[in-house]
Amino acid sequence: MEYGRPTELDEALALLAGGRRTILAGGTDLYPAIAAAALPGDILDIGAIAGLRGIVEGAEAWRIGAGTTWTDLARATLPAAFNALKQAALEIGSVQIQNTATIVGNLCNASPAADGVPALLILDAQLELQSAEKTRHLPLKDFILGVRKTARRSNELVTAIVLPKRAVSGRSDFQKLGARRYLVISIAMVAARIAVEDDRISEAALAIGSCSAVAQRLSSLESDLVGRRIGPALAEHICAAAVATHVAPIADIRGSAEYRTHAAAELLRRAVANAAGTA
Amino acid sequence: MPTVSMTVNGKSVSADVESRTLLVQFLREHLALTGTHVGCDTSQCGACVVHVNGVSAKSCTMLAIQADGADVATIEGLDDNGTLHPMQEAFRDNHGLQCGFCTPGMVMSALDLVKNNPSPSEQDVREWLEGNICRCTGYHNIVKAIQAGAAAMRG
Ligand SMILES: Cc1cc2nc3c(=O)[nH]c(=O)nc-3n(C[C@H](O)[C@H](O)[C@H](O)COP(=O)(O)OP(=O)(O)OC[C@H]3O[C@@H](n4cnc5c(N)ncnc54)[C@H](O)[C@@H]3O)c2cc1C
Ligand code: FES
Ligand code: FES
């Protein structure tokens, strides 16, 4: 077993080119998963690569580096379209977890309950994947393939989350339901981003997590909301039936399918009202 | 076995450890700094909180090698030649502990809070302590202690 902790991205990509390795960022998902057992084979620890950390606004897109922690995000000054992601940041474990855990690690872990996924789906997030040979981009929705399964190839490192500026508009909101307030795995969570023009919705982006293997955008409900006047009447259009056309919720120890559908619809009504500024 | 080097409470330390060694094991077993406790194996209780490069982290959820080169502070480093740190003193004055098992983690979390928010409200303290569990006190006196400690640190 070998433990690599390079300080430069090139060295990290060279290590990945040399054979399969488990990537370790903050380690907050990885470590509890292996508990006191031996580490799974060779490790690539990316925590010492300073260049991977930070949030940068470019001409076309925002970029969140793979070393960026949830605390970095929560403390950054960002447009209101990021509100949902910031709210999600404060839900990830506790302060000490937020200080070490990365946003990219949350996505790569591909848990159905990952709080970061819905908040990034509504920003049309893309992942930047680099190998020693090339760089490619994949939409987040095509990156997470199933429970703990992603489209990352074994020689690739996810180096950043890229958020196209056209999707960084309006205001967003995140709502999570758990069996208790703190340190809890979500029963359902939703993110909504709403842009308003002349009191009418000009753009809507909605996503639901923890209800299906992979979090989902709700495209037909989004189109249904566009053009509608903002106000309490919006709630009528966001019903359990509309949710059920997009996700067939799972049933498990944390809730039945029917409960989840109703809970998700209520969370969506609240998130849309907050994002539209009518709450 | 990789060599891990870091600064712990201002002193440079270095040791050969298995890669899987947790930071908390390194502190307790290699450095005999047993003030940092382990209360769970699910990263939830916060008895193990230390500071890594100035921010609070759960030392049970980090490998020692992840802290290679880092500046680590534990409860043992807080006193000034036997005089308790004002936050430790506040826990004593306010009866902020019973069995004391959670206390080192509580104090280290509290200091990270005060660094970010020198004058925390009761609500701020309660929210910040989300990752620190106490099975004895019911938290009331811990919250009081942290507010008193913060006030003492403001001077
Ligand atoms: C007590 C506790 C509470 C938690 N609460 C929550 C919660 O409320 N909500 C929630 O969503 N999560 C929660 N988590 C899970 C976890 O903290 C987050 O998912 C976190 O964002 C993971 O980041 P990390 O940097 O620690 O990832 P790591 O553990 O380092 O990595 C996670 C996975 O991603 C892979 N990976 C990491 N970075 C890369 C990369 N750059 N390229 C390719 N693969 C990569 C790793 O190989 C691993 O499979 C909690 C964890 C703990 C211990
Ligand atoms: S020992 Fe419980 S959180 Fe670290
Ligand atoms: S004082 Fe006993 S656990 Fe907190």
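A. Representation of the domain arrangement of chain B. Residue and element names in this part refer to chain B. The assigned domain composition of chain B is domain 1 (3–77) and domain 2 (86–154). Of note, the centres of domain 1 and domain 2, computed from C-alpha atoms alone, are 21 Å apart. Those elements that place two or more of their residues in the side of domain 1 that touches domain 2 are strand 3 (49–52) and strand 4 (55–58). Its residues assigned to classes, the side of domain 1 that touches domain 2 shows 7 nonpolar, 8 polar and no charged.

B. Structural view of the site of ligand 1. Neighbouring residues of ligand 1: 32 residues in total, closest A:Gly26, A:Gly93, A:Gly105, A:Asn106 and A:Cys108. Taken together, the residues near ligand 1 originate from chains A and B. Of all the secondary-structure elements, those providing two or more residues to the shell around ligand 1 are strand 2 (22–24), helix 2 (30–34), helix 6 (103–108) and strand 10 (157–164) of chain A. It is helix 6 of chain A that contributes the most residues to the shell around ligand 1, 4 residues altogether. When its residues are assigned to classes, the shell around ligand 1 shows 16 nonpolar, 12 polar and 4 charged.

C. Molecular detail of the domain arrangement of chain A. Residue and element names in this part refer to chain A. The domain boundaries assigned to chain A delineate domain 1 (50–166) and domain 2 (170–276). One C-alpha centre belongs to domain 1, the other to domain 2, and the line joining them spans 21 Å. The interface is formed by 23 residues belonging to domain 1 together with 25 residues belonging to domain 2. Going through the elements one at a time, helix 4 (83–91), helix 7 (116–121) and strand 8 (144–146) are the ones with two or more residues in the side of domain 1 that touches domain 2. Here the side of domain 1 that touches domain 2 gets 5 residues from one element, more than from any other, and that element is helix 4. Residues of the side of domain 1 that touches domain 2, tallied by class, amount to 15 nonpolar, 5 polar and 3 charged.

D. Main features of helix 2 (residues 86–93) of chain B. Residue and element names in this part refer to chain B. Of all the residues in helix 2, the buried ones are Pro86, Met87, Gln88, Ala90 and Phe91. Contact partners of the buried residues in helix 2: helix 3 (103–116) and helix 5 (140–154). Immediately downstream of helix 2, the backbone of His95 shows phi near 55°, a positive value.

Definitions and cut-offs
- In this numbering scheme, every chain counts its residues from 1 along its sequence in written order.
- Whichever chain is written first is A, and whichever ligand is written first is 1; the rest continue in order.
- Totals for whole chains, interfaces and linings use all residues, but because this is a predicted model, local features are given only for residues with pLDDT of at least 70 and pairs of side-chain atoms are given and counted only at 80 or more.
- Each domain's limits were defined by an automated method or a database of domain assignments.
- Here a strand is any run of E in DSSP of at least two residues, a helix any run of H or I of at least four, and the numbering for each starts at the N terminus.
- Each residue gets one of three labels, nonpolar for Ala, Val, Leu, Ile, Met, Phe, Trp, Tyr, Cys and Pro, charged for Asp, Glu, Lys and Arg, and polar for the others, Gly among them.
- The rule is simple: place the C-beta atom from the backbone, and if it lies within 6 Å of a molecule or strand, the residue is near it.
- For every residue pair, C-beta atoms are placed from the backbone, and the pair is scored as a contact if these atoms sit within 7 Å.
- For every residue, the other C-beta atoms within 10 Å of its own C-beta are counted; 20 or more classify it as buried, 12 or fewer as exposed, and values in between as partly exposed. C-beta atoms are placed from the backbone.

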